[in-house]
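Coordinates in review
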Amino acid sequence: MPAMIELEQLTKHYPGRSAPAVDSLDLTIAEGEIVILVGPSGCGKTTTLKMINRIIEPSSGIIRLQGEDVTRANPDHLRRRIGYVIQQVGLFPHQTIGRNITTVPRLLGWSQQRIDDRLDELMHLVGMDPGTYRDRYPKELSGGQRQRVGVARALAADPPVMLMDEPFGALDPISRERLQNEFLRLQEEIRKTIVFVTHDIDEAITMGDRIAILREGSTVAQYDTPETVLAAPADDFVREFIGSGAALKRLGLARVRDVELGQWPTSPIGSGREAALRALASSEHGSVLLLDDRRRPLRWVRADELEQPGSLERLGVEVRGTVEPTTTLAHALDAMVGSRVGAVVVVDGSGALLGTVDMRVIMAAVDTMRTDAHEQDREEVPSR
Amino acid sequence: MLAGLLVGSVVGLALGMAVHRTPRARSAAVHVCGLILTVPSLAMYALLLALLGTIGTLPVIVALALYSLLPIVRNTVTGLNGVDPAVVEAAQGVGMGRWRRLVSIELPLAWPVVVTGVRVSAVLLVGVAALGPIIGGPGLGELIFSGLRVITSPNAVNLALMGTLGVVLVGMLLDGAFLVLTRVTTSRGVR
């Protein structure tokens, strides 16, 4: 991937303070990636972000955008090429939603027809009905809706780069997760280069293609994919910042489709008791999974339960809480712990059995991730 | 009187916009305008008479404009500084220059406060303007002065009272008119 943004020896000195807020930062951000700047408060991550569109002017160093040195370009023209989303959103309260979103196209002097078309497109993109919301004012919207408008305003003139300063930080946890997921889906379509600041490592792991963990003076402690950062933290600072539960966080990144599923003895419910007992006898498991005629799992039945009288439809426990290949391992683990048999059934889109996830599968996955990360780490060391 | 208010508003608004970013200029401007307000109106008229070398309408307008400055400048400054910094930063972030930001974002948001300043000035000026006739200008004070001139006649009190009530009435009407103006000229989004 070609570099979209290059920061070279970027430094910010605030008058009256001895240590620079940002100290000779070198960072390259590839086109189409979401790069998260994350670190403790006061580490200079926001200052770094705001120097990219020069809301804060750097003391020294170079900012390159698409290869072009923009350190001394006209800042207003520069900013019209960079979408900017801030935590407090900053919608213009005296203007309608429609006017807010079309701010940059109007500054750029687009034709009215083009502006109207773009407005409709953008509102659909962020999931807001133009007819309902176009003529409303910001104060009539909820926090989540306001930030959707904020994102639409930043995207209005289709800038190649977006800067986002804790964009979902002021939202309640439910809205935040919704907006994070919506934004990731949106990104699949728009493929922008995004620099995203947060202090929340979990948000960084969810949102980032790459994470730059910064310590004081905006010094990069580690710059890598979330998987590698979690599996092979560069030093104690990174390890401490990730905090406890790194293994669990990693499970949130891996999907069920990425691991080798366990196989459980199965028997079609129509084939009767004998077939089920035979299937059980030929495996080491203590129970059998009964399937319907389209291989959809119905019930877990233990050997001793098969001895009891009654129809097969009533024996054992019903299969509940199945997962799909796109489910994260963290969710699969949750479902597994909640099940009575210590395993969760994986089904495809039509509900047919693909396999199971149990503790052995999870442990094997964790093992693989750890090895992969270490190998990748070893490969990268000589090139640094 | 309205001419004086208009001149005062334009000058006050420009002054407020010019100084609102720098704390020193800001307090200097507010102090000077406050000082002007302490000059008694009769003294102000006499002073302007000497400075401008003419009697009639001009010195009255200048005096009124000067007196109107303090509320207008102070409210312009307060209004502009009261604009949410996040909104200003967002305006900067979408690539609005300083001037455009001021005219299309900050001023409309500060507007209700600014107009309130003009309203206070308007009411204040009614009293000052009443004394305009003293230097040959127009004004409601005519009646009061007629009353004073014939202080011993039975009509004196009536004339002065009529003049005073007229002044009060004009003040009230102006106040109401500005309230309506504020409402009409403020965006629905910030009401």
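Note that the structure is predicted; figures quoted are calculated from it, not measured. (Residues numbered from 1 in each chain as written. Chains lettered and ligands numbered in written order. Predicted model: local features only at pLDDT ≥ 70, side-chain atom pairs only at ≥ 80, totals over all residues. Heavy atoms only, no water.)

1. Section: the packing of helix α6 (residues 98-129) of chain B against helix α8 (residues 156-185) of chain B
Residue and element names in this part refer to chain B. Two numbers describe how α6 lies on α8: the axes approach to 9 Å, and their chain directions differ by 170 degrees. Between α6 and α8, the interaxial angle falls into the category roughly antiparallel. Only Val-167, Val-170, Gly-171, Leu-174, Asp-175, Phe-178, Leu-179, Leu-181, Thr-182 and Thr-185 of α8 make contact with α6, whose side of the interface consists of Trp-111, Pro-112, Val-115, Val-118, Arg-119, Ala-122, Val-123, Val-126 and Gly-127. Looking at the contact of α6 with α8, its residues break down into 13 nonpolar, four polar and two charged. (Axes fitted to C-alpha atoms, helices over the stretch in contact; angles between N-to-C directions. Helix = DSSP H or I, 4+ residues; strand = E, 2+ residues; numbered from the N terminus. Parallel < 35°, antiparallel > 145°, perpendicular 65-115°, else oblique. Contact = heavy atoms within 4.5 Å. Nonpolar A, V, L, I, M, F, W, Y, C, P; charged D, E, K, R; others polar.)

2. Quick word on the interface of chain A and chain B
If you look at the interface, chain A gives 24 residues, while chain B gives 21 residues. In total, about 1,900 Å² of surface goes out of reach between chain A and chain B, with carbon and sulfur atoms giving 60% of it. Broken down residue by residue, the surface that chain A buries against chain B is led by Phe92(A), His94(A) and Leu107(A), which jointly contribute 28%. Joining chain A to chain B, the criterion identifies one salt bridge. Between Lys50(A) and Glu89(B) there is a salt bridge, with the nearest N and O atoms lying 3.1 Å from each other. (Buried area = accessible area lost by both parts, 1.4 Å probe. Salt bridge = Lys/Arg side-chain N within 4 Å of Asp/Glu carboxyl O.)

3. Notes on the UniProt feature "domain: ABC transporter" (unreviewed entry) in chain A
Following the UniProt record, the feature "domain: ABC transporter" (unreviewed entry) maps to residues 5-241 of chain A here. Strand forms 24% of residues 5-241 of chain A and helix 38%; the C-alpha atoms that close the span are 26 Å apart. (UniProt positions renumbered as here; feature names shortened; annotations may be inferred.)

4. Remarks on the packing of aromatic side chains
Residue and element names in this part refer to chain A. Tallied over the full model, the rule gives four aromatic pairs over all chains. Geometrically, the ring pair formed by Phe-237 and Phe-241 is stacked, given 6.4 Å between the ring centres and 15 degrees between the ring planes. Here Phe-241 and Phe-237 lie together in helix α11 (residues 236-242), a separation of four residues that amounts to about one turn. Among the aromatic residues, ring-to-ring pairing joins Phe-168, Phe-183 and Phe-196 into one connected group. Above the ring of Phe-92, the side-chain terminus of Arg-153 is found at 4.7 Å from the ring centroid. Lying across the ring of Phe-237, Arg-215 places its NZ or CZ 5.0 Å from the centre. (Phe/Tyr/Trp six-rings, centres within 6.5 Å; stacked < 30°, edge-to-face > 60°. Lys NZ or Arg CZ within 6 Å of the ring centre and 35° of its normal.)

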